[in-house]
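Inside the fold
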Amino acid sequence: MATLIKNISSLVTINADGKPYKRGEEMNNIGEIQSGAIIFDEKILFVGKTDDALRFIYNNHIQINETIDALGKTVLPGFVDSHTHFVFAGNRSFEFARRLRGVTYQQIAQEGGGILTTMKATREASLNELIENGLNLANSALRYGTTTVEIKSGYGLSLDPEIRQLEAIAVLKKIAHQNVVSTFLGAHDFPPEYANNRDAYVDLICNEMLPIVAEKQLASFCDAFVDEGYYTIEQGRKIFKRAKELGLKIKAHADELANVAAAELAAEVGAISADHLLFVSDSGISALKNAGTVATLLPGTAYFTRLPYAPARKLIESGAIVALATDCNPGSCFTENMQMILSLAVINMKMTAEEALTAATLNAAAALCLSLQVGSLEIGKQADLLIADVSSYTDLFYHFGINHIQNVFVKGKKVV
Ligand code: NIG
Ligand code: FE
């Protein structure tokens, strides 16, 4: 039993050809097919021209149980949001309003607010509240086209509440429509209990939290916020080393607030991705490129905190693997909408529409080690795809600020 979508005005395949990511000029090759068709059950069976699809169905005796005519529409891979903080409690709109009056993100953090405001609310929240909040964001993201989402802990900052956040993510893996990937971010900030003994908290992460997270298989990745005022290079290295010993893959919040050479550290430890990179240096860029560490850019955060944008052009032109994600979180970027991120990427980071689409699909899947399963529309891959109500993919960028997604399929099932 399969679904056929035919007469697609603009079918964006991304066309990876078995490759796990694209770099440089290759990012512009999105394999668009006009008057295209796609046939799928849980996986993709055919991608090509509509005429050839009809022949394929006949020759292979495929049973089609739903046919969708997509004349005047665009079909593209579901977005992969490889960096979110969907599971938290509380609300920081009050702090946001202060930021609008000129108080900086760091000033609020120094007063004991920021991440610690969300930590207090998250510590008090029950497992069910965390699940409900996370599910609301996941469902909203789904309507904007996100079919795979990574979710981090990092608002518990002590053993039990960190585990509770990861358990909430484990439940979301079962009940959310998306593919969900879990990341342990115990090193998001330092809890007040350890304000004067930060290294002791690092030891707690290495000696108590990480072993339990690994043993209970609660996370695929370990992340740390290596930046000015947060984790030092040495502390980050220690956490990453321990996480790797325990079989976790590495991600880093790197060089978001200042250049502390966190990108270089990510490359050194073989991180799968280094995220943010607003202040990455030239040596950081070449380290990422040489290590094959995905540079995940989060332009929503630069926008929302009024910081300068990451040097996307330089990263792409020097051959780094560039991905895009939301960073959806209650402090520095509160949006779950990947279409907003695409708009910011092309207008404010000067990426082309094609580069942005590649970065939000295939390369983002590479940031989760999932790019052989999702991130492009090719035979054998999971049928995660979107129907947008525009006749060309460029219209997704041209007509901005609205939701173009009409239907969402995950593993071949229509979920929107
Ligand atoms: O990715 N950079 C660190 N963490 C988040 C912000 C979290 C928060 O403010 O709650 C980020 O920007
Ligand atoms: Fe983040």
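In this text the structure is predicted, and so the values were computed from the model without any measurement.

**A short note on the coordination of the iron ion (ligand 2)**
Donor atoms from the polypeptide that bind the iron ion (ligand 2) are His 83 (NE2), His 85 (NE2), His 253 (NE2) and Asp 327 (OD), placed at 2.1 to 2.2 Å. Read from N- to C-terminus, the donor residues coordinating the iron ion (ligand 2) fall into the pattern H-x1-H-x167-H-x73-D. With His 253 in strand S12 (residues 249-254) and Asp 327 in the loop between strand S15 (322-324) and helix H13 (338-348), this residue pair connects regions lying 74 residues apart in the sequence. For the residue pair His 253 and Asp 327, the accessibility class agrees, reading buried in each case.

**Details of empty space enclosed by the protein**
In this structure the tally under the stated criterion is 2 cavities of 30 Å³ or more. Considering only residue class, the lining of the largest cavity consists of 4 nonpolar, 7 polar and 3 charged. Here the second largest cavity is characterised by a volume of approximately 60 Å³. In terms of lining, the second largest cavity is formed by Arg 92, Glu 95, Phe 96, Arg 99, Tyr 105, Ile 108, Gly 114, Pro 330 and Gly 331. Looking at the lining of the second largest cavity, the elements with two or more residues in it are helix H2 (93-100) and helix H3 (105-110). Ranked by residues supplied to the lining of the second largest cavity, first place goes to H2 with 3 residues.

**Side note on the site of ligand 1**
Taken together, 15 residues are adjacent to ligand 1, and Tyr 105, Tyr 155, His 188, Glu 256 and Ser 332 come closest. Residue Arg 92 places a side-chain N or O atom 2.7 Å away from an oxygen atom belonging to ligand 1. Take Tyr 105: an N or O atom from its side chain is 2.5 Å from an oxygen atom of ligand 1. Taken by itself ligand 1 offers 330 Å² of open surface, and the protein chains cover 100% of this. In this structure, ligand 1 is accommodated by the largest cavity. By residue class, the composition of the shell around ligand 1 is 4 nonpolar, 8 polar and 3 charged.

**Some details on unusual backbone geometry**
Negative phi values dominate among residues other than glycine, just as trans dominates among peptide bonds. Positive phi is not limited to glycine here, since Ser 35 has a value of about 55°. Assignment of secondary structure puts Ser 35 in the loop between strand S3 (32-33) and strand S4 (36-40). Judged by its relative accessible area of 37%, Ser 35 is partly exposed. The phi dihedral of His 61 is positive, around 50°, even though this residue is not glycine. With respect to the helices and strands, His 61 occurs in the loop between helix H1 (50-59) and strand S6 (64-69). By relative accessible area, His 61 is classed as exposed at 69%.

**Describing the domain arrangement of the protein chain**
For the protein chain, the assigned domains are domain 1 (2-77 + 376-414) and domain 2 (79-366). Computed over C-alpha atoms only, the centres of domain 1 and domain 2 are separated by 30 Å. The interface is formed by 30 residues belonging to domain 1 together with 32 residues belonging to domain 2. Roughly 2,500 Å² of surface becomes buried between domain 1 and domain 2 when both sides are summed, with 64% attributable to carbon and sulfur atoms. When residues of domain 1 are sorted by the area they lose upon contact with domain 2, Arg 23, Met 27 and Phe 397 head the list and together hold 28% of the total. Counting across the domain 1 and domain 2 interface gives 0 salt bridges. Here domain 1 and domain 2 share 11 residue pairs in polar contact (both at pLDDT 80 or more) between them.

**Examining the pairing of strand S10 (residues 179-187)**
Most of S10 is tucked away, with 9 of its 9 residues classed as buried. Of the pairings in the sheet, the one linking strand S9 (residues 146-152) to S10 comprises 5 bridges and is parallel in character. The partner of Val 149 across the bridge, within S10, is Val 180. Considered for its hand, the β-α-β crossover made up of S10, helix H7 (residues 198-215) and strand S11 (residues 221-226) is right-handed.

**Re the sheet that holds S12**
The strand order across the open sheet built from 8 strands is S8-S9-S10-S11-S12-S13-S14-S15, with neighbouring strands paired in parallel fashion. Sheet topology places strand S8 (79-81) and S15 at the edges, where each strand pairs with a single neighbour. Within this sheet the neighbouring strands show an average axis-to-axis angle of 25°, counted without direction. This element, H7, spans S10 and S11 of the sheet and lies at about 150° to S10. Running at roughly 175° to S11, helix H8 (residues 233-245) makes contact with S10, S11 and S12 of the sheet.

**Description of helix H10 (residues 282-291)**
Taken residue by residue, H10 has Gly 284, Ile 285 and Leu 288 as its buried positions. Buried residues along H10 cover an arc of 100° about the axis, so they all sit on one side. Among the exposed residues of H10, those oriented more than 90 degrees off its buried face are Asp 282 and Asn 290. Contact partners of the buried residues in H10: helix H9 (262-268), strand S13 (273-276), strand S14 (294-297) and helix H12 (312-317). Gly 292 occupies a position one or two residues after H10 and carries a positive phi of about 70°.

**Side note on the sheet that holds strand S7 (residues 74-77)**
With mixed pairing, 6 strands are arranged side by side in an open sheet as S3-S2-S7-S16-S17-S18. Lying at the two open borders of the sheet, with one neighbouring strand each, are S3 and strand S18 (413-414). Note that strand S17 (residues 405-410) and S18 share 2 bridges and pair antiparallel. The residue of S18 that forms the bridge with Phe 409 is Lys 414.

Conventions used here
- Residues numbered from 1 in each chain as written.
- Chains lettered and ligands numbered in written order.
- Predicted model: local features only at pLDDT ≥ 70, side-chain atom pairs only at ≥ 80, totals over all residues.
- Heavy atoms only, no water.
- Donors = N, O, S within 2.8 Å, 3.2 Å for Na, K, Ca; no water.
- Helix = DSSP H or I, 4+ residues; strand = E, 2+ residues; numbered from the N terminus.
- Buried < 20%, exposed > 50% of the residue type's maximum accessible area, 1.4 Å probe, protein only.
- 1 Å grid on protein atoms, 1.4 Å probe; cavity = no way out; pocket = protein on both sides within 12 Å on 5 of 7 lines; lining within 4 Å.
- Points joined across faces, edges and corners; volume = space filled by probe spheres on them.
- Nonpolar A, V, L, I, M, F, W, Y, C, P; charged D, E, K, R; others polar.
- Near = heavy atom within 4 Å.
- Polar contact = N/O pair within 3.5 Å; in protein donor to acceptor, adjacent residues only side chain to side chain.
- Areas by Shrake-Rupley, 256 points an atom, 1.4 Å probe, with all protein chains shown as cover.
- Sits in = over half its atoms within 2 Å of the grid points.
- Domains from an automatic or database assignment.
- Contact = heavy atoms within 4.5 Å.
- Buried area = accessible area lost by both parts, 1.4 Å probe.
- Salt bridge = Lys/Arg side-chain N within 4 Å of Asp/Glu carboxyl O.
- Pairing = 2+ DSSP bridges.
- Right-handed = clockwise from strand over helix to strand, strands pointing away.
- Axes fitted to C-alpha atoms, helices over the stretch in contact; angles between N-to-C directions.
- Arc of directions from axis to C-beta.

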